[in-house]
Amino acid sequence: MSIKFGLLALLERGAMYGYQLRAAFEESTGGTWPLNIGQVYTTLTRLERDGQVRSLPESDAGQRPYEITEAGRAELAMWFATPISRTDRPRDELAIKLALALTTPGVDVRAVVQTQRAATMRTLQEYTRLKAKSDASTDLPWRLVLDAMLFQAEAEMRWLDHCEASLVRHRPAPATTRPESAPATTQPAPAPSEEEARQR
Amino acid sequence: MNVLELRDVHRTHGTGDTAVHALRGLSLQVRPGELIAVMGPSGSGKSTLLNLAGGLDRPTRGEVRVEGRVLAELSHRGLAEARRRGIGYVFQAFNLLPSLTAVENVALPLELDGVSVRKARREALRSLADLELTHLADRFPDQMSGGQQQRVAIARALVGPRRLVLADEPTGALDSETGEAVLRLLRTRVDAGAAGVLVTHEARHAAWADRVIFLRDGVVVDSSGPLAQPEQLLAVPGAGA
Ligand SMILES: Nc1ncnc2c1ncn2[C@@H]1O[C@H](COP(=O)(O)OP(=O)(O)O)[C@@H](O)[C@H]1O
Ligand SMILES: [Mg+2]
């Protein structure tokens with residue numbers, strides 16, 4: 001995942017300056033992804049050039065906050081709405097994406113989970129089809145590779161189920177910063193009913 | 001023509017404040033040669049869907065058609081016959097008759113349908129052989145393990161010319177190898193022209209389907225068909241990361 005989307009998601013909570021962004025980014029990723037301030041500013045510069053963030057007047061303390069623009073918001077919504085492909089995925093991107101989705105105002109996390117689930121399911125279907133076509137007696141190495149990929153995709157499905165179940169149990173309080181600036185997501189998913197919550 | 005079609009099907013249990021909306025406007029079409037998997041959290045309406053498709057339950061609103069016929073419009077006898085001839089079920093509880101041997105259990109639906117005892121037995125043995133269960137043919141249910149009983153129940157669901165196979169967590173009591181063998185068999189049967197609906201919580205089993213639909217609170221929230229280009233997936237995940 002690029003730092004860009006992380007910063008956009010953080011700015012969706014409200015305007016922040018560089019050091020705040022760095023701290024919030026590291027907090028969101030559970031400290032697994034340390035950033036240096038140089039990376040933050042390079043990324044902000046690029047985002048500003050692309051019209052996705054805009055810099056605000058410097059504070060008295062000499063800090064320059066940035067805010068997200070409509071274009072940035074659209075870009076962020078697109079990221080949340082697009083499943084990550086298995087072919088070139090840094091393994092943690094999905095986890096980080098969901099963590100950010102949880103804390104970004106207006107993002108329907110269950111829709112993000114479901115989008116990913118359908119995509120991962122499609123992957124599983126294809127691997128299964130390839131395995132069904134292969135010959136058990138001559139293609140053993142190939143089948144083992146397919147199995148490895150099947151297990152990975154399957155584990156991801158389980159993890160997504162787990163995430164969704166946790167989301168139903170625990171609905172975070174709505175974010176207080178900028179509630180009006182909700183990026184569109186893929187589909188309107190209804191809030192879980194009480195009945196469903198009881199069944200889990 | 002669709003083997004199974006659900007049109008805007010609703011199923012509500014009870015009325016008023018205590019009403020439970022098990023299905024809320026579900027539409028689905030399954031063609032010959034097509035296997036559909038249904039996934040969703042507990043209570044999302046999966047079993048209700050299968051019961052309606054098999055004519056064991058009636059929709060509160062909407063229509064269920066099997067081979068073009070609206071199930072709710074069939075007479076009691078007509079429905080019983082349609083179920084016996086055309087529809088094979090595997091349920092969570094595999095309910096074999098305890099007084100019959102495995103082969104007799106498997107032959108039963110055919111015999112009830114007027115097939116001669118000898119022919120029914122021959123077909124039942126073939127169905128058992130498909131599942132590598134020939135050695136269990138003469139055992140009674142209480143002489144078999146749970147997994148063995150489950151496989152006999154599957155042999156029974158697949159015996160004879162079934163046009164529609166409905167399976168509710170059919171791999172529940174099976175180890176993963178056997179579970180996979182059952183899916184392979186289901187797939188083969190569907191490829192030969194039947195239509196299948198499989199309820200499962202195991203993603204790797206759902207992956208045998210042509211289409212996977214996701215239920216939540218009685219509605220379809222998503223579905224996943226096959227990708228156009230499987231080659232795209234051949235890179236080993238994580239390798240390029
Ligand atoms: N006979 C019934 N009476 C009342 N409620 C029912 C009945 N059958 C099912 N339900 C309810 O309908 C909903 C869907 O059930 P079901 O189809 O069995 O879900 P699943 O198979 O996905 O776990 C659940 O809330 C369940 O409690
Ligand atoms: Mg059920």
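Calculation criteria
- Residue indices begin from 1 for each chain and proceed along its sequence in written order.
- To label them, take the chains in the order written and letter them from A, then take the ligands in the order written and number them from 1.
- Confidence filtering applies because this is a predicted model: local features only for residues at pLDDT of at least 70, side-chain atom pairs given and counted only at 80 or more, and all residues used for totals across whole chains, interfaces and linings.
- By convention in this description, side-chain values take in all heavy atoms of the structure and omit both hydrogens and water.
- Convention adopted: a line fitted to C-alpha atoms gives each axis, helices being fitted over their contacting stretch, and angles between N-to-C directions are expressed from 0 to 180 degrees.
- Elements are defined by DSSP. Helices are runs of H or I of four residues or more, strands are runs of E of two residues or more, and each kind is numbered from the N terminus.
- Any angle between 65 and 115 degrees counts as roughly perpendicular, while under 35 counts as roughly parallel, over 145 as roughly antiparallel, and the rest as oblique.
- In this scheme the handedness of a crossing depends on how the near helix is turned from the far one: anticlockwise by less than a right angle means left-handed, clockwise means right-handed.
- In this analysis, two residues are considered to be in contact whenever any of their non-hydrogen atoms come within 4.5 Å of each other.
- The classification used treats Ala, Val, Leu, Ile, Met, Phe, Trp, Tyr, Cys and Pro as nonpolar, Asp, Glu, Lys and Arg as charged, and all other residues, Gly among them, as polar.
- Whether two strands pair comes down to DSSP finding at least two bridges between them.
- Cavity and pocket criteria rest on a 1 Å grid covering protein atoms alone: a 1.4 Å probe that fits but cannot get out defines a cavity, protein on both sides within 12 Å along at least 5 of 7 lines defines an open pocket, and an atom within 4 Å of a point defines a lining residue.
- Grid points are joined across faces, edges and corners, and a volume is the space filled by probe spheres set on the points.

As recorded in an unreviewed UniProt entry, chain B goes by ABC transporter ATP-binding protein and comes from Planosporangium thailandense.

Taking an unreviewed UniProt entry as the reference, chain A is identified by name as PadR family transcriptional regulator belonging to Planosporangium thailandense.

Moving on to the packing of helix α2 (residues 18-28) of chain A against helix α3 (residues 37-49) of chain A. Residues and elements named next belong to chain A. Their axes nearest at 9 Å, the elements α2 and α3 cross at an angle of 110 degrees. On the basis of their axis angle, the class for α2 and α3 is roughly perpendicular. Where α2 crosses over α3, the handedness of that crossing is right-handed. Only Ile37, Val40, Tyr41 and Leu44 of α3 make contact with α2, whose side of the interface consists of Gly18, Tyr19, Leu21 and Arg22. Taken together, the residues of the contact of α2 with α3 break down into six nonpolar, one polar and one charged.

Two strands in a sheet stick together by hydrogen bonds in their backbones, pointing the same way (parallel) or opposite ways (antiparallel). Residue and element names in this part refer to chain B. Across the sheet, which stays open at both edges, the four strands sit in the order β2-β1-β4-β5 with antiparallel pairing between neighbours. The open sheet has two edge strands, β2 (20-30) and β5 (69-70), and neither has a second partner. Two elements, strand β4 (residues 61-66) and β5, share two bridges in a ladder whose sense is antiparallel. Residue Arg65 lies in a different strand from β5, and its bridge partner there is Val70. Running at roughly 55 degrees to β2, helix α1 (residues 46-53) makes contact with β1 (4-13), β2 and β4 of the sheet.

Let us look at empty space enclosed by the protein. Scanning the model with the defined rule gives two cavities of 30 Å³ or more in all. If you go around the largest cavity, the residues you meet are Thr128, Lys131, Ala132 and Leu150 of chain A together with Ser176, Glu180, Arg184, Arg204, His205 and Trp208 of chain B. Counting residues per element, the ones that place at least two in the lining of the largest cavity are α6 (109-133) of chain A together with α6 (176-191) and α7 (203-206) of chain B. A breakdown of the residues in the lining of the largest cavity according to their chemical character gives three nonpolar, three polar and four charged. If you add up the space inside the second largest cavity, you get close to 50 Å³. In this structure, the second largest cavity is lined by Val90, Ile154, Leu158, Val165, Ala167, Pro170, Val182, Leu185 and Leu186 of chain B.

The subject of this paragraph is the sheet that holds strand β9 (residues 211-216) of chain B. Residues and elements named next belong to chain B. Spatially, the six strands line up as an open sheet ordered β6-β7-β8-β3-β9-β10, and their pairing is mixed. Of all strands in the sheet, those with a lone pairing partner are β6 (87-90) and β10 (219-224), marking the two edges. The average angle at which neighbouring strand axes cross in this sheet is 20 degrees, direction not considered. Of the strand pairs in this sheet, β6 and strand β7 (residues 164-168) are connected by four bridges, and their pairing is parallel. If you follow Ile87 over to β7, its bridge partner there is Leu164. The strands touched by α1 within the sheet are β3 (35-39), β6, β7, β8 (195-199) and β9, with β7 carrying the most contacts at an inclination of about 155 degrees. Running at roughly 150 degrees to β8, α6 makes contact with β3, β7 and β8 of the sheet.

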